[in-house]
Amino acid sequence: QVQLVESGGGLVQAGGSLRLSCAASGRTFSSYAMGWFRQAPGKEREFVAAIRWSGGSTNYADSVKGRFTISRDIAKNTVYLQMNSLKPEDTAVYYCATRGGTRGGSFYYVDGSGYDYWGQGTQVTVSS
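A brief structural summary. Quantities reported herein were computed from a predicted structural model and do not represent experimental measurements. (Residues numbered from 1 in each chain as written. Predicted model: local features only at pLDDT ≥ 70, side-chain atom pairs only at ≥ 80, totals over all residues. Heavy atoms only, no water.)

### As for the sheet that holds strand β7 (residues 68-73)
Backbone-to-backbone hydrogen bonds join strands into a sheet, with any given pair of strands oriented parallel or antiparallel. With antiparallel pairing, the four strands of this open sheet are ordered in space as β1-β3-β8-β7. This sheet does not close on itself; its edge strands, each paired only once, are β1 (3-7) and β7. For this sheet the average axis-to-axis angle between neighbouring strands, irrespective of direction, equals 15 degrees. Pairing analysis gives six bridges linking strand β3 (residues 18-25) to strand β8 (residues 78-83), with the strands arranged antiparallel. For Ser21, the partnering residue across the bridge sits in β8 and is Tyr80. (Pairing = 2+ DSSP bridges. Helix = DSSP H or I, 4+ residues; strand = E, 2+ residues; numbered from the N terminus. Axes fitted to C-alpha atoms, helices over the stretch in contact; angles between N-to-C directions.)

### Focus: the environment of Gln1
By secondary structure assignment, the location of Gln1 is in the segment before β1. Along the backbone, Gln1 and Gly26 are 25 residues apart, and their C-alpha atoms lie at a distance of 5.1 Å.

### A word on the packing of aromatic side chains
Summed over the entire model, instances satisfying the criterion amount to seven aromatic pairs. Each ring, one from Tyr32 and one from Phe107, has its centre 5.8 Å from the other, and the planes form 90 degrees; the classification is edge-to-face. Here Tyr32 is found in strand β4 (residues 31-39), whereas its partner Phe107 is found in the loop between β9 (92-100) and β10 (117-118), with 75 residues between them in sequence. By relative accessible area, which is 18% here, Phe107 ends up buried. (Phe/Tyr/Trp six-rings, centres within 6.5 Å; stacked < 30°, edge-to-face > 60°. Buried < 20%, exposed > 50% of the residue type's maximum accessible area, 1.4 Å probe, protein only.)

The analysis is restricted to geometry; functional conclusions fall outside its scope.
Below you can see the structure in the form of structure tokens.
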């Protein structure tokens, strides 16, 4: 009922920029929050950034603060991740996820288990 499609990944040199997009669709789509996670080769999935759908408040992992910016376009049901000053260690598959707007209980934005739907991922590769 909910589909998330990421786009915008690719190959970029260190110091460069990319903007990822995640478009949501579905008859029952409603979101409390959306987040970006990434998984590098040989590592566990890690939190990158999250945004409240209604209020727009944001949270970032320490490793990307000052370099990445998360935003959303409510009319387009789309969330973005602007990535600047990219480093080789940013290389990973990036996934977007959403927490359903009607889901109750506590929400921990850094915990992937709190999200209900996930996209297929988009590859970001940063070369030196």
